[in-house]
Amino acid sequence: MTTGELEGTVARPLGGTPGTHRPRGRRRALLALRALALAALAAAAVPPAPAQAAPAQVPEQAARAGCQGPVTPAPQQTVEDCDTPDRVIDKAVHTVPTPGQRAWQKREITAFTHFGMNTMTGRQWGSGAEDEKLFDPPELDMDQWMRAYKAAGAQQVMLTAKHHDGFVLYPSRYTDHDVEASPWWTNGPGGRNPDGDVLGAYVKAARKAGLKVGVYLSPADGAELPHAWHAQWVEKIREKQQNGEELSLPERMALEDGDRAPAGQGRYGNGSKPGERTIPTLVPGDDRADRVASGALPTFRFAADDYDAYYLNQIYEILTQYGPIDEFWLDGANPWGGAGVTQNYNVRNWFELIRALSPDAVVFQGAQGVRWVGNEDGIARETEWSVTPSAVDPWTVVGGGLPNDSTDADIGSRAKLTAPGVRHLQWYPAEADVSIRPGWFHDPAERPKTPGELMSLYERSVGRNASLLLNVPPAKNGRIDDTDIASLTAFGAAVRTTYGTGARPSTGHPVTFDRVRLGEDIRRGQRVEEFTVQARVAGTWRDIASGTTIGARRILPLAAPVTADGLRVRVLASRAAPRLLPPTVHLGAAGRR
């Protein structure tokens, strides 16, 4: 156990070497991308040339060299059979964020925009058989959306470019179930809507507003369900209904649209065998053909089945036409598995393609990305670790290899990191998602959360080493409701008033406060396991708050305001010498009355 202390506003010098990591450029030369992809393919198929022989080591020497040398800081570490528990913890200390992860963790709030076919139909879950003609909003005031999101303090926005129903909000070359087939596409001068490409208009509005951009692309796709299987499934659902059995939400939606086949080409879970595919897969009359042939656009080769090829081509479209982006969101829903349709995703292909085309983007549920906090309430754990263990290579699974879909109360303690079977550690910070309304898509019968409720969620997500993903869905008329905007605006103002400028008590300069904000320098990882905050009140130091993890941010609301002329943090347990940022104190609205 190590002990550290931060007193007043200046951290005491601590031993240790700062973490270092290799910088990754924002953009890579396209030709270099192509070369890397081809080289990776060749490396997978051809054994490497023999290297010059090194002096032979007996097994004991190899073990000492592999399990006793210094640990290099990296976003992912491998746990070796010879690693002792202490060395595993040392590897956890040296597990550090990528530049993209570090930038993402600085963005406290992302505004989520659930908008699409479900908005037009009034559903929360689509079937995939909806008629494209239903997508016909009267307008899309995206500048209004961005003003509302910025008023709430969002620094990033994210659109559902394709939800589970499979309707695509940009003109894709690989499906007819998209905006180009809707009346919205032709709603404009000369039969062409300048904002017909909803994703394109969204990205343009976000960047004009100075906001970072994320894209949600659902792996689950109801429009691509096999047609013959779907017809049989609908008949089984009808039988269940006749027998008085309870139907799931996807079953109810399928039954409502039961006379229509899925709108896609039947690629999801169709049993096709993986074969070598070139991404992008050019289509007849493809406008990219010359640029691909010249190398101006990179090409990649993957082993993929029908649906994986479709999904890879959509990733490629999004990242080459609208990217690079800042977050790519993979939803883990798979509603048809119990009904007999399973699509086995080759997620390593997805992750590698995203990294090649948008290297600083974090992937939600992806390797060296960000993870689900474990609930849809927008609340992080009291003990929230950014370093998590996995029994499998995180590059091969959705969800980082965490058990029970990331819902366990403990996912990063010493016991979890050193448990039998752990083979990898990775930097994997939490994202806490929640909707301002009960549903994810707009429902006019629902009411938004109050500013006070949003502030409480902020302090229990952002204030617990997570980032807040706040869904604010536009209505069918293409605008965010005034009631939502009022709540967002008051919430954003409260956050800025309370946390915009922090104070630091010092001798002769007492401060009244009811919140303490802490942070670790996460460039050097996450280390603190237990701490106490003390304030000097009337010349006497007394405990005012305590906790376990700190991480990028920790907010500690106090039971009552305190007036003090000194503040210090006593670290009671830490995985290595703590690297704390200067603490600040704040006064909430109740204390200012």
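About the cut-offs
Residues numbered from 1 in each chain as written. Predicted model: local features only at pLDDT ≥ 70, side-chain atom pairs only at ≥ 80, totals over all residues. Heavy atoms only, no water. Helix = DSSP H or I, 4+ residues; strand = E, 2+ residues; numbered from the N terminus. Pairing = 2+ DSSP bridges. Axes fitted to C-alpha atoms, helices over the stretch in contact; angles between N-to-C directions. Contact = heavy atoms within 4.5 Å. Parallel < 35°, antiparallel > 145°, perpendicular 65-115°, else oblique. Left-handed = near helix turned anticlockwise from the far one by under 90°. Nonpolar A, V, L, I, M, F, W, Y, C, P; charged D, E, K, R; others polar. Core = buried A, V, L, I, M, F, W, Y, C linked by side-chain atoms within 4.5 Å. Buried < 20%, exposed > 50% of the residue type's maximum accessible area, 1.4 Å probe, protein only. Expected span 1.5 Å × (residues − 1). Arc of directions from axis to C-beta. Disulfide = S-S within 2.5 Å.

(A) Layout of unusual backbone geometry. Look at the link from Ile279 to Pro280: it is a cis peptide, with omega at 5 degrees. Along the chain, the position of Pro280 falls in the loop between β7 (275-279) and α10 (289-294). That bond from Gly323 to Pro324 is cis: its omega, 0 degrees, falls within 30 degrees of zero. One non-glycine residue, Gln368, lies in the positive phi region at around 50 degrees. In this fold, Gln368 is placed in the loop between β10 (362-364) and β11 (371-372). One non-glycine residue with positive phi stands out, namely Ala538, at about 55 degrees.

(B) Inspection of the sheet that holds strand β19 (residues 554-564) at higher detail. Ordered by their spatial adjacency, 3 strands build an open sheet running β19-β16-β21, and the pairing between neighbours is antiparallel. Looking at strand neighbours, the two that pair on one side only are β19 and β21 (584-586), the edges of this open sheet. Pairwise comparison of adjacent strand axes, ignoring direction, gives a mean angle of 35 degrees for this sheet. Pairing analysis gives 7 bridges linking strand β16 (residues 511-518) to β19, with the strands arranged antiparallel. Paired with Phe513 across the two strands is Val562, which belongs to β19. Sitting on the sheet, helix α15 (residues 482-499) is in contact with β16, β19 and β21, with an inclination near 105 degrees to β16.

(C) Representation of the packing of helix α6 (residues 142-151) against helix α7 (residues 198-208) in the model. Their axes nearest at 9 Å, the elements α6 and α7 cross at an angle of 45 degrees. Taken together, α6 and α7 sit at an angle that is classed as oblique. Seen from above, α6 lies across α7 with right-handed handedness. In this structure, α6 contributes Met142, Asp143, Trp145, Met146 and Tyr149 to the contact, and α7 contributes Val198, Ala201, Tyr202, Ala205, Ala206 and Lys208. Of the residues in the contact of α6 with α7, the class split is 9 nonpolar, no polar and 2 charged.

(D) Examining the nonpolar core more closely. If you look at the biggest cluster of nonpolar residues, it comprises 95 residues, and the most contacted ones within it are Phe135, Tyr149 and Phe328. Element by element, the count of residues in this core is highest for helix α11 (residues 306-321), at 9 residues. Setting aside residues up to four positions removed in sequence, Phe135 forms contacts with Phe115, Gly116, Met117, Met120, Phe167, Leu169, Val179, Ser182, Pro183, Trp184 and Val198. Of all hydrophobic cores here, the second largest spans 20 residues; its members include Leu518, Phe531, Leu558 and Val569.

(E) Representation of α15 within the structure. With 18 residues, α15 extends 25 Å between its outermost C-alpha atoms, agreeing within 8% with the 26 Å of an ideal straight helix rising 1.5 Å per residue. Those residues of α15 that sit buried are Asp484, Ser487, Leu488, Phe491, Gly492, Val495, Thr498 and Tyr499. Considered in projection along α15, the buried side chains sweep an arc of 140 degrees and stay on one side of the axis.

(F) Looking closely at the sheet that holds strand β12 (residues 387-390). Pairing in this open sheet of 3 strands is antiparallel, and the strands run β3-β13-β12 from one edge to the other. Only two strands of the sheet have a single partner each, and these edge strands are β3 (76-78) and β12. Direction aside, the axes of adjacent strands within the sheet are offset by 20 degrees on average. Relative to strand β13 (residues 424-427), β3 runs antiparallel, the two being bridged by 3 bridges. Bridged to Thr78 within β13 is His424.

(G) How the structure looks around the state of the cysteines. Throughout the structure, instances matching the rule amount to 1 disulfide. The disulfide partner of Cys67 is Cys82, and the gap between their sulfur atoms is 1.6 Å. Residues Cys67 and Cys82 are joined through a disulfide that is right-handed, its torsion about the S-S bond being 55 degrees. With a gap of 15 residues between them, Cys67 in helix α2 (residues 59-68) and Cys82 in the loop between β3 and α3 (85-93) connect regions that are remote in the sequence. With relative accessibility at 10%, the residue Cys67 sits in the buried group. Classification of Cys82 as partly exposed rests on a relative accessible area of 36%.

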